[in-house]
Amino acid sequence: MDTTLHQLIEMTHYLGDPNKNFAMLGEGNTSARIDDDTFYVKASGTSMGTIGADGFIKVSISKVVRILDDPNAGDADVTRNFEESLIEPGETRRPSTEAMLHATLLQIPEYAFIGHAHPVFTNMLMSSVKAEEAAQGRLFPDQIVSMGPRCVYVPYVDPGLVLAREVKRRFEAFIEEEGQLPSCILMQNHGLIAMGATPKAVLSCMEMTEKSMRIMWGAYAAGGPNFLPKEQVDRIYTRPDEVYRLKCIAGGQK
């Protein structure tokens, strides 16, 4: 087993641990880039908590994302596109519905691993009327260090092709507006995506996001969160000591 697949399996098992409440049954999906045009992605219907090497499929990045530019593509086109994007001859399994989303993000050189899950407290707030406010609010320094000063927020859209297109659009807009790459994407009524150069970066972002949402839930119950002002958030994120600390936490990212 190659190193990338081994790391991906370990990361996926961690996210699929039922005691951590990130995902259960067939929820969630993960991926890792193999080379410039190939990535591993979780097969549809497999469980993250028990998945093995045979639960991942090799897919072409360039082939799977080409459907995003076809405005007339429908469900049948998605199925055909998945089949044409498979690397291994004779592969009969279907990639995760979100494979297009993963491929879009793995085109970014700084991202090598991606985790998508449905953490309980994160989804409690992402399913609320305060979803966007909660996604962008920052309460304490460690949240800023692991999640970044802001994240990509995506209002609810149909999972699959429509979601991949919307994530791509909002991801590109974020980079243009913020001048930096995001660490995570929060999706209304859906869940969380964490991206990073290493599994450690993905897991640290995922864990801190869930902790932050749990604290935020309590803050809303106690009268409302006291969000830090933007200038304080940006100051913390760019402080040299915090930059160094993130490198340690995330395994060299930033």
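Keep in mind that what you see is a predicted model, and the values were worked out from it rather than measured.

J.: Hey, could you go over the sheet that holds strand β7 (residues 191-196) for me, with residue numbers and the actual values?
T.: Reading across from one edge, β3-β2-β1-β4-β7-β6-β5 is the order of the seven strands in this open sheet, with mixed pairing throughout. At either margin of the open sheet sits one strand with a lone partner, and together these are β3 (56-60) and β5 (152-154). Across the sheet, the mean angle from the axis of one strand to that of its neighbour is 20 degrees, orientation sign disregarded. Looking at chain direction, strand β2 (residues 38-42) and β3 are connected through five bridges and run antiparallel. Directly across from Val 41, in β3, lies its bridge partner Ile 57. Here helix α1 (residues 3-16) sits on the sheet and contacts β1 (29-35), β2, β3 and β4 (113-117); the angle it forms with β1, its principal contact strand, is near 165 degrees.

J.: Would you mind going over unusual backbone geometry in detail, with residue names and values included?
T.: Positive phi is not limited to glycine here, since Asn 21 has a value of about 60 degrees. Within the secondary structure layout, Asn 21 lies in the loop between α1 and β1. In this structure, Asn 189 is a non-glycine residue whose phi angle is positive, near 55 degrees. Here Asn 189 lies in the loop between β6 (184-187) and β7.

J.: Could you give an account of the pairing of β2, with specific residues and numbers?
T.: Of all five residues making up β2, five are buried, and the element is well covered by its neighbours. Burial along β2 is two-sided: the face carrying Thr 38, Tyr 40 and Lys 42 and the face carrying Phe 39 and Val 41 are both buried. One ladder, built from four bridges, connects β1 with β2; its direction is antiparallel. Bridging across to β2, Ala 32 finds its partner in Tyr 40.

J.: Lay out the pattern of salt bridges with the relevant residues and their values.
T.: For the coordinates displayed, the defined rule picks out eleven salt bridges. The partner of Asp 17 in a salt bridge is Lys 20, with the nearest N and O atoms 3.0 Å apart. Residue Lys 20 is classed as partly exposed on the basis of its relative accessible area, which comes to 29%. A salt bridge links Glu 84 to Arg 66, with the shortest nitrogen-to-oxygen separation between them at 2.8 Å.

J.: I'd love a proper account of the nonpolar core, names of residues and values included.
T.: By size, the foremost hydrophobic cluster in this structure holds 37 residues, and its most contacted members are Met 126 and Leu 186. Every element with two or more residues in this core is listed here: α1, β4, α5 (120-126), α6 (131-136), β6, β7 and α9 (199-221). No other element matches α9, which puts eight residues into this core. With 36 residues, the next largest nonpolar core counts Met 100, Leu 101, Val 157 and Leu 163 among its residues.

J.: Can you lay out helix α4 (residues 99-106) for me, pointing to particular residues and giving the numbers?
T.: Of all eight residues in α4, eight are buried, a share of seventy percent or more. Among all positions in α4, only Ala 99, Met 100, Leu 101, His 102, Ala 103, Thr 104, Leu 105 and Leu 106 are buried.

J.: For the environment of Ser 62, give the residues involved together with the corresponding values.
T.: Its location among the elements puts Ser 62 in helix α2 (residues 61-65). The spatial distance from the C-alpha of Ser 62 to the C-alpha of Gln 107 is 8.6 Å, given a sequence separation of 45 residues. There is a polar contact of 3.4 Å between the side chain of Ser 62 and the side chain of Ser 60.

Cut-offs used in this document
- Residues numbered from 1 in each chain as written.
- Predicted model: local features only at pLDDT ≥ 70, side-chain atom pairs only at ≥ 80, totals over all residues.
- Heavy atoms only, no water.
- Pairing = 2+ DSSP bridges.
- Helix = DSSP H or I, 4+ residues; strand = E, 2+ residues; numbered from the N terminus.
- Axes fitted to C-alpha atoms, helices over the stretch in contact; angles between N-to-C directions.
- Contact = heavy atoms within 4.5 Å.
- Buried < 20%, exposed > 50% of the residue type's maximum accessible area, 1.4 Å probe, protein only.
- Salt bridge = Lys/Arg side-chain N within 4 Å of Asp/Glu carboxyl O.
- Core = buried A, V, L, I, M, F, W, Y, C linked by side-chain atoms within 4.5 Å.
- Polar contact = N/O pair within 3.5 Å; in protein donor to acceptor, adjacent residues only side chain to side chain.

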